[in-house]
Amino acid sequence: MFVEALGITAIAAFLHLDGSYFGQLMIGRPIVVGTLVGILMGDIVIGAKLGLAIELIWINVIPIGTTFLPDVTGIAFFSVFWILSNGKLDTGNCLYALALALPFGILSQQIDYWVRKQNSRYVQRVEQHVNNGEFSYIGVLITHHLFWLYIIRLITYLGIIFAGKYLLTLIHSLLPITCSVNYDTVFQLFILLGLAVTFNMFIEGRAGFIDKLLGRTN
Amino acid sequence: MAILDRRDLLLIFFRSFLLQLGWNYDRKQAFGFTYIIAPYLRRFYKDPDEQKNAILRNLTFFNSHPCLSNSIVGTVLALEEKRAAGGGIDENVVSTVKTQMAGPIAALGDLFFWSTWRPLVALSTMAFFFAFKGAHEWMPALIFLLLYNSVHLPIRYYVLLRGYYENVKFIQKVKEWNVQKYIDKMHIFGVVLIIGLTGYTIFFMPWQFSEKVLMVVFFVVSTILLMLQVSSTKLFYLVIILGVLLSYFKII
């Protein structure tokens, strides 16, 4: 179990780096992470549906300037992992896993916030080395920085998935629920929420939107 | 005669994927930006002191859109190259151009990539998800990556080339393209796609009548609440809490 969790977390931690630190190839987006974790844990459909829902729900959270995003990669990874590792695919399990994924996603975001504060030291070190004429250190520091970013992310994610698993077991025992509504219906509601978010994003601030849609111009 | 050839520009293109590395609150993308251009600054300037000054000059505050900032990378490289060759360009000109280009480029990139292209690709992926249901459910995620990057990567490379060969004239050209017009059309397409997908997922899938009614009401109420500036995170929790309470009290 631990080895499997470590392997999947190692992949998720690597994918997270795409969103914040290199590439922006979208390999760290919930839709990709959810599907991949679903494949690795044996249920692609759950992973893909949840990934899609989380992608759309937070589609309007945009990295403009210094705004900090919730860790949507983490939210997708944690929720799919907890749902599929529980062995019991029911609505109660799904609701609790999703409920826990968001605060842990915010915790993960705070780790990112701390890391970005520490990054100033790298810039100072680059300045120092460049002043001493040691130009090749720029590449060395980049590699060093990438390695430590990955390790911090891996440790964060590992800690969260095991803490979350323990908390979920506790919550289930304190507040057991059985729901007659199928988990498929619940996932569908989240997808519809995501569609509503995207709809609102596209029409937001468009006072003349209806006019544009009907081709009316002044 | 340009010093950097297509092979160099291709290497710069790959290095540009590390722009965000070392992002910090003091100088934002300065570390990444310096990493991208440092080897080429050393090629332009032969004197070690000039190399040092050129690198330190570019290790200052910089923050722009990761994809489109390649136009600024290209422009800065071209200006530094001209300066090193005795082209009479003051070092303040390079810094000023870099700073003044960053804002508009960031705004354009945010509007196109984050607010338009990525949501449209996510919606298109949803359509593919229904098409591949029952087999190859991994395909939508792959299609998401291919669709997004089919636009992202060529634009990233193109703006680098144009920034290097045309410098600030390229920005003038971009203003003339009137990108906002195309973005508006893409938003309208997105709305049509959302209406189609919502209708399909509610009315053309095997839900019971009560579930269909619940979904329609839920979609309409969510849309209204979002228009009233209720955040998606709050609505997400509203659904969960509602589900837990209704289940706990055996209402559903």
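Placed above this text is the structure.
Quantities reported herein were computed from a predicted structural model and do not represent experimental measurements. (Residues numbered from 1 in each chain as written. Chains lettered and ligands numbered in written order. Predicted model: local features only at pLDDT ≥ 70, side-chain atom pairs only at ≥ 80, totals over all residues. Heavy atoms only, no water.)

Here we look at the packing of aromatic side chains
What characterises a pair of aromatic rings is the spacing of the ring centres plus the angle enclosed by the ring planes. All names here are of chain B. In total, this model carries 27 aromatic pairs over all chains according to the counting rule given. Between Phe-112 and Phe-113, the ring centres sit 4.9 Å apart and the planes meet at 85°, which makes this aromatic pair edge-to-face. Comparing Phe-112 with Phe-113 shows no difference in burial state: the two are buried. For the ring pair Tyr-200 and Phe-204, a centre distance of 6.0 Å and an interplane angle of 10° mean the geometry is stacked. (Phe/Tyr/Trp six-rings, centres within 6.5 Å; stacked < 30°, edge-to-face > 60°. Buried < 20%, exposed > 50% of the residue type's maximum accessible area, 1.4 Å probe, protein only.)

Focus: the interface of chain B and chain A
Many descriptions give the size of an interface as the accessible area lost when the pieces come together. Contacts between the two partners involve 82 residues from chain B, matched on the other side by 85 residues from chain A. Across the chain B to chain A interface the summed buried area is about 7,700 Å²; carbon plus sulfur atoms make up 76%. It is Tyr-25, Phe-31 and Phe-236 of chain B that lose the most area in chain B upon contact with chain A, and together they represent 10% of the buried surface on that side. Here chain B is connected to chain A by one salt bridge. Measuring nitrogen to oxygen at the nearest pair gives 3.0 Å for the salt bridge that ties Glu-127 of chain A to Arg-27 of chain B. One can count 13 residue pairs in polar contact (both at pLDDT 80 or more) joining chain B with chain A. Listing elements by their share of the side of chain B that touches chain A, those giving two or more residues are α2 (30-44), α3 (48-57), α5 (91-131), α6 (139-166), α8 (179-203), α9 (209-227) and α10 (232-248) of chain B. The dominant element in the side of chain B that touches chain A, judged by the number of residues it contributes, is α5 of chain B, at 12 residues. (Contact = heavy atoms within 4.5 Å. Buried area = accessible area lost by both parts, 1.4 Å probe. Salt bridge = Lys/Arg side-chain N within 4 Å of Asp/Glu carboxyl O. Polar contact = N/O pair within 3.5 Å; in protein donor to acceptor, adjacent residues only side chain to side chain. Helix = DSSP H or I, 4+ residues; strand = E, 2+ residues; numbered from the N terminus.)

Topic: the nonpolar core
The biggest cluster of nonpolar side chains holds 152 residues, and the ones touching the most others in it are Phe-77, Trp-82 and Leu-195 of chain A. By residue number, the principal contributor to this core is α5 of chain B, which donates 16 residues. Residue contributions to this core reach at least three from each of two domains, namely domain 1 (6-109 + 151-186) and domain 2 (206-252) of chain B. Once you skip the residues sitting within four places of it in the chain, Phe-77 of chain A turns out to touch Ile-8, Thr-9, Ala-12, Val-33, Val-37, Tyr-157 and Ile-161 of chain A. (Core = buried A, V, L, I, M, F, W, Y, C linked by side-chain atoms within 4.5 Å. Domains from an automatic or database assignment.)

Section: the packing of helix α2 (residues 30-41) of chain A against helix α4 (residues 72-85) of chain A
All names here are of chain A. Taken N-terminus to C-terminus, the directions of α2 and α4 make an angle of 25°; their axes are 9 Å apart at the nearest point. Our classification of the angle between α2 and α4 gives roughly parallel. As α2 runs across α4, the sense of the crossing is right-handed. Along its contact with α2, which presents Pro-30, Val-33, Gly-34, Val-37, Gly-38 and Met-41, the element α4 presents Val-72, Thr-73, Ala-76, Phe-77, Val-80, Phe-81, Leu-84 and Ser-85. The residue makeup of the contact of α2 with α4, split by class, is 10 nonpolar, four polar and no charged. (Axes fitted to C-alpha atoms, helices over the stretch in contact; angles between N-to-C directions. Parallel < 35°, antiparallel > 145°, perpendicular 65-115°, else oblique. Left-handed = near helix turned anticlockwise from the far one by under 90°. Nonpolar A, V, L, I, M, F, W, Y, C, P; charged D, E, K, R; others polar.)

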